[in-house]
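# Residue-level structural notes
If you want the building blocks of each chain, they are given just below.
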Amino acid sequence: MPIEDQTLFDDLAFLYGSEHAGPVYEHLASLLTKFHKEYPELRSRPVPGLATGRYDERDSILITYGDMVRAEGQAPVRTLARFLDRRLKDVVSAVHILPFYPYSSDDGFSVVDYLAVDPALGDWGDVARVGRHFRLMFDAVINHISAESVWFKGFLANNPGYRDYFVVVEPGADLSQVFRPRALPLLTPVQQSTDEGKTVERLVWTTFSADQIDLNFANPDVLLEIVEVLLFYCAHGCDFIRLDAIAYMWKEIGTSSIHLPQTHRIIQFLRRVLDQVAPRVALITETNVPHEQNVSYFGNGTNEAQLVYNFSLPPLTLHAFHTGDATRLSQWAQTLTLPSDQVTFFNFLASHDGIGLMPARQLLAEEEVADMARRVERLGGRVSYKINSDGTQSAYELNVNYLDALGDPDAPADDHQLLASRFLTAQAIMLALRGVPGIYFHSLFGSRGWPEGVAETGRARTINRQKLKLDELDTELSTPDHLRHLVYHGYVQLLEARRQHPAFHPNADQEILLGNDALFSLRRTSQDGQRQVICIHNVSGRRQLLRLEMEVLGLEASSRLADLLGGPPPRSRDGQTVQIEVQAYGRAWIDVRRAETSDR
């Protein structure tokens, strides 16, 4: 397959100038042609379980570390594969194994070698075992690389091959406009060898830590290296590539160095590269920023990321449960439009990180954000801060287990039925919204926070990263009154209901229903217009009623209504309205079938 794509050339010309684009394009074309010859099946590899399209209502993605469950004498990723086969086969469709490469810090996000599996976790064969029954998501941690990597060691040694792989800043450069996501120095001094055998101090750009050295994408050799990395991931079975911290990819003195046009163009370039040789592989951008900037990574709906993390959802859902009022959540959800049917949201509530507050700052008042932070601290969580441009600090992340975060600091924390019901209703909101759901391991299996881990590591994010013993986890999941049992079985019920209804397709129509501020309610309609589901979620501790006009919903008196979650079916007494009752922190997913479609 010859690679002749004018658009790829135009991307390179935009980034590096027309005079430099030609040689880079020739190198790229050689790479892609070679890859296609070695892996021709990737252009037409089918996705298991899907007749057409990239995803449907049966899709959900589990987010987990490779060693989240451990068994004596067994490689952790192999243990994970066996555990997931027993517990989640035909429940979730995909698994995101968080960075499983050799690393030096940040629980995997300071990668030493992009092309290797950490021997402490297993090998590529173990990763493939997970992929036997699940689609795979890999991380591309390409904004930065470990200070222990061959690339950076080559830079320090003044190896010509790596001399321009990193961003070196001259002393005194004006960096006042640079957006800072962390309360850490932007530049790190290092000692680089000279041609004369001496050393000289260089200031290298480190957005996140002194061990995570930012790559210099202004050097086209770096971009080509990263293309080879992504192709390697495609060859090893991934269907989704998560672009970590991608908003900071391009640096330019005198700018904010976030969301720059060159960053968007690189993502578009990577999308076009994969479309050439592995079109079933989707890009997911991880940009923990306000909603308007976040969704800009869809591009025009056809040329950039296929999925975008829906970062405003976790803090807004938490705010709704803290206040017992879903108004702000509902108002925001009304704005969730997509630029095309080729893209969708990656919805999540919990992750290996904390609950980002930046995406909530344009949607909630500053005091409301501060109230959430104070409440989380009372619940045993931590608050992380960033440096603002004026030198002040502000909270940017809540480090807390999401189940704990939903709690009431003035109420008992040992009522497992209440805890499970409230938590599952929050998760049901995430599952009901348009998009593909991402489910963190500790959410699906009903974990609490791990403050002992924070004491051990000194890092706030450890509170939600506990590693579990397999035998203990299995025992707790099999104990009927244990919180893990209640959450896991309730979650599986939600996922099974979602998998069976075409209105939950990630691109199916979505309408937010108003009428009771304590309820977050929406209507999903299947793409063929024949099936509907009305999803109602009570964010308050009191029983609530929702009255819906049948005519407004386009329903007839003969329409059949049934709760997919096993509750009593609502009925219309007057043939004009439907009244749905939802218990405190309860939920109902009402399947709606018109008489002519009731047997389909």
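Calculation rules
- Residues numbered from 1 in each chain as written.
- Predicted model: local features only at pLDDT ≥ 70, side-chain atom pairs only at ≥ 80, totals over all residues.
- Heavy atoms only, no water.
- Phe/Tyr/Trp six-rings, centres within 6.5 Å; stacked < 30°, edge-to-face > 60°.
- Helix = DSSP H or I, 4+ residues; strand = E, 2+ residues; numbered from the N terminus.
- Buried < 20%, exposed > 50% of the residue type's maximum accessible area, 1.4 Å probe, protein only.
- Pairing = 2+ DSSP bridges.
- Expected span 1.5 Å × (residues − 1).
- Contact = heavy atoms within 4.5 Å.
- Polar contact = N/O pair within 3.5 Å; in protein donor to acceptor, adjacent residues only side chain to side chain.
- 1 Å grid on protein atoms, 1.4 Å probe; cavity = no way out; pocket = protein on both sides within 12 Å on 5 of 7 lines; lining within 4 Å.
- Points joined across faces, edges and corners; volume = space filled by probe spheres on them.
- Nonpolar A, V, L, I, M, F, W, Y, C, P; charged D, E, K, R; others polar.

Let us now look at the packing of aromatic side chains. In this description, an aromatic ring pair is defined by two values, namely the gap between the centres and the angle between the planes. Taken as a whole and assessed by the stated rule, the structure comprises 30 aromatic pairs. When the ring of phenylalanine 152 is compared with that of phenylalanine 166, the centres are 5.0 Å apart and the planes differ by 85°; the resulting orientation is edge-to-face. Here phenylalanine 152 is found in helix 5 (residues 150–156), whereas its partner phenylalanine 166 is found in the loop between helix 5 and strand 6 (168–169), with 14 residues between them in sequence. You'll find phenylalanine 152 and phenylalanine 166 in the same group, each marked buried. Ring geometry for tyrosine 309 versus phenylalanine 348: centroids 5.3 Å apart, planes at 75°, classification edge-to-face. Of this pair, tyrosine 309 sits in strand 12 (residues 307–309) while phenylalanine 348 sits in the loop between strand 13 (344–347) and strand 14 (355–356), and the two are 39 residues apart along the sequence. Counting every residue linked through ring pairs, the aromatic cluster contains Phe100, Tyr101, Trp124, Phe138, Phe232 and Tyr233.

This part takes up the sheet that holds strand 14. If you walk across this open sheet you meet the 3 strands as 14-16-15, and the pairing is antiparallel. Two strands close off the open sheet at either side, each with one partner strand: strand 14 and strand 15 (382–387). Where strand 14 meets strand 16 (residues 393–399), 2 bridges bridge the pair, whose relative direction is antiparallel. Within the sheet, the bridge partner assigned to isoleucine 355 lies in strand 16 and is leucine 398.

Okay, unusual backbone geometry next. Trans peptide bonds make up most of the peptide bonds, and negative phi angles are found at most residues other than glycine. Residues other than glycine seldom take positive phi values, yet alanine 245 does so here, at roughly 50°. By the secondary structure assignment, alanine 245 is in the loop between strand 10 (238–243) and helix 7 (261–277). For alanine 245, a relative accessible area of 8% puts it in the buried group. Of note, the phi angle at serine 257 is positive, near 55°, even though the residue is not glycine. Note that serine 257 resides in the loop between strand 10 and helix 7.

Between its terminal C-alpha atoms helix 6 (residues 220–235) stretches 23 Å, which fits the 22 Å expected from 16 residues at 1.5 Å a residue. Those residues of helix 6 not exposed but buried are Pro220, Val222, Leu223, Leu224, Ile226, Val227, Val229, Leu230, Leu231, Tyr233 and Cys234. Looking at the packing, one finds that the buried side of helix 6 touches helix 1 (6–16), helix 2 (18–38), strand 4 (135–140), helix 5, strand 10 and helix 7. Backbone nitrogen of aspartate 221 and a side-chain oxygen of the N-cap are separated by 3.0 Å at the start of helix 6; the cap is asparagine 219. Immediately downstream of helix 6, the backbone of glycine 237 shows phi near 95°, a positive value.

By volume, the largest pocket amounts to about 430 Å³. As for the largest pocket, its lining consists of 20 residues, and the residues nearest its centre are Pro568, Pro570, Gln579, Ile580 and Glu581. Contributing elements (two or more residues each) for the lining of the largest pocket: strand 22 (544–549), strand 24 (577–582) and strand 25 (587–593). The element contributing the most residues to the lining of the largest pocket is strand 24, with 5 residues. Taken together, the residues of the lining of the largest pocket break down into 8 nonpolar, 5 polar and 7 charged.

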